Amino acid sequence: ANRTIYQSTRLICSHKYNVGLRNYSNIRRVGQHLSSTLFKLNEFLSPKRPPEPAEIGRTHYNNREYEKAEEIWYKGMNDGDAQCAYNYAMLFIEGARAKDYEKAYKILKQLADQNIGAAQYIIAMSQQKKGNFVEAYDMFEKSATNGIHEANAQLGKMIMEGINGQMSPDPNRAALYYQIGANKGEPIAAYTIAAMYFNGSNGVPLDLKKSFSFFSISADKGHALAQHNTAICYLSGKGTSQNFKEAVKYFEMAASQGIIPSLVNLAHMNVRGLGVPSSMDKATQMYQHAAQQGDAISIEC
């Protein structure tokens, strides 16, 4: 048991995850994320001021009244409202209306030319998916300048890997972009810079407290691997005080998102009664589920 507990306290810091768990170039996922987090007009509108068309359309959208939302946003777009235009374009990416990426791209390109950061980000993702890395890099830079923190993580990845024939890999410079994004609370950048602090790599000094801090920031934003690593920090006492109950909480978060090493750790903790009452029944169920997913440690146990 001691051997497998020791084996399971390794962090997951693979660079293949440094811009998300999977399908980071999926424009639909990015569109869904940005459209739900950008243009929160209530932060800018006076309580006495009538709601703007973009806000009215969002209310209809949230109520699944898609045709009404489309009508309002289309009119707003034709009246020169950039927020309406962005939301209207996203309808054709998210699939609330018939998907039409070409139509959405045309609108978003016009918005990108007007320095709308969210549109620049999606255009950059589209260019990256097509293999147009120089164009993608340029648009990510513009997006980051216009306040889209996710763009810093993408820039960090591109600088880390380099662009064939155009840019040599520069891990130290990449770390600077990850740090910028992490300081703004962007979960992918926070996860990546945390791994660098943990390992003392790419010009980033070894600092377990900072590593834990950024892992936890990313974890609380829903990043599954950061949740696993935050749990490891609590389990091992690296960068923070040892706390088995917190370790269990974050392992459960990560396991619910499909991180099998987290499930194995939960099983170990159930065996030994760390942070939870000892339960061989629960542990056995967890080992069996992990084994079904091909986890070698669980098969061995």
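All of these numbers come straight from a predicted model, not from anything done at the bench.

Some words on the packing of helix α5 (residues 82-94) against helix α7 (residues 117-130)
Next, step 1: Running from N to C, α5 and α7 cross one another at 30°; their axes reach a closest spacing of 11 Å. Classed by the angle they form, the pair α5 and α7 counts as roughly parallel. α5 and α7 meet at a crossing whose hand is left-handed. Contacts from Tyr86, Met90 and Ile93 in α5 reach Ala118, Ala119 and Ile122 in α7.
Next, step 2: When the residues that make up the contact of α5 with α7 are grouped by side-chain class, the tally is 6 nonpolar, no polar and no charged.

Notes on the confidence of the model for the protein
Next, step 1: For the protein, mean pLDDT is 84; residues scoring 70 or higher make up 81% of the total.
Next, step 2: Under a pLDDT of 50 for its full length, residues 1-7 has, in the predicted model, 8 contacts with residues more than four places off or in other chains.

With respect to helix α6 (residues 101-113)
Next, step 1: Compared with an ideal rise of 1.5 Å per residue, which puts 13 residues at 18 Å, α6 spans 18 Å between its outermost C-alpha atoms and is within 8% of the ideal.
Next, step 2: For α6, the full list of buried residues reads Ala104, Ile107, Leu108, Leu111 and Ala112. Looking straight down α6, one finds that the buried residues subtend no more than 145° of arc, so they occupy a single side. In α6, the exposed residues that point more than 90 degrees away from the buried face are Glu102, Lys106 and Asp113.
Next, step 3: On the buried face of α6, the contacting elements are α4 (66-78), α5, α7 and α8 (133-145).

Topic: the nonpolar core
Next, step 1: One finds Trp73, Leu108, Leu111, Tyr137, Phe140, Ile193 and Phe251 to be the most contacted residues of the largest nonpolar core, which totals 87 residues.
Next, step 2: In this view, isoleucine 193 contacts Ala175, Tyr178, Gln179, Ala182, Val204 and Phe214; residues no more than four positions away in its chain are not counted.

Here we look at the environment of tyrosine 88
Next, step 1: Its place among the elements puts tyrosine 88 in helix α5.
Next, step 2: Leave out the neighbours within four places in its chain, and tyrosine 88 touches Glu70, Trp73, Tyr74, Met77, Lys103 and Ile107.

Looking at the packing of aromatic side chains
Next, step 1: Inspection of the entire model under this criterion finds 9 aromatic pairs.
Next, step 2: An angle of 35° between the planes, with centres 6.0 Å apart, marks the rings of tyrosine 61 and tryptophan 73 as tilted. Placement of the pair is tyrosine 61 in helix α3 (residues 53-62) and tryptophan 73 in helix α4, with a sequence separation of 12 residues.
Next, step 3: You can call tyrosine 61 buried: its relative accessible area is 15%.
Next, step 4: We classify tryptophan 73 as buried; its relative accessible area is 1%.
Next, step 5: Members of the aromatic cluster, each reached through a chain of ring pairs, are Tyr61, Tyr66 and Trp73.
Next, step 6: Taking NZ or CZ as reference, arginine 58 lies 4.9 Å from the ring centre of tyrosine 61, over its face.

The rules we used
- Residues numbered from 1 in each chain as written.
- Predicted model: local features only at pLDDT ≥ 70, side-chain atom pairs only at ≥ 80, totals over all residues.
- Heavy atoms only, no water.
- Axes fitted to C-alpha atoms, helices over the stretch in contact; angles between N-to-C directions.
- Helix = DSSP H or I, 4+ residues; strand = E, 2+ residues; numbered from the N terminus.
- Parallel < 35°, antiparallel > 145°, perpendicular 65-115°, else oblique.
- Left-handed = near helix turned anticlockwise from the far one by under 90°.
- Contact = heavy atoms within 4.5 Å.
- Nonpolar A, V, L, I, M, F, W, Y, C, P; charged D, E, K, R; others polar.
- pLDDT = per-residue confidence, 0-100.
- Expected span 1.5 Å × (residues − 1).
- Buried < 20%, exposed > 50% of the residue type's maximum accessible area, 1.4 Å probe, protein only.
- Arc of directions from axis to C-beta.
- Core = buried A, V, L, I, M, F, W, Y, C linked by side-chain atoms within 4.5 Å.
- Phe/Tyr/Trp six-rings, centres within 6.5 Å; stacked < 30°, edge-to-face > 60°.
- Lys NZ or Arg CZ within 6 Å of the ring centre and 35° of its normal.

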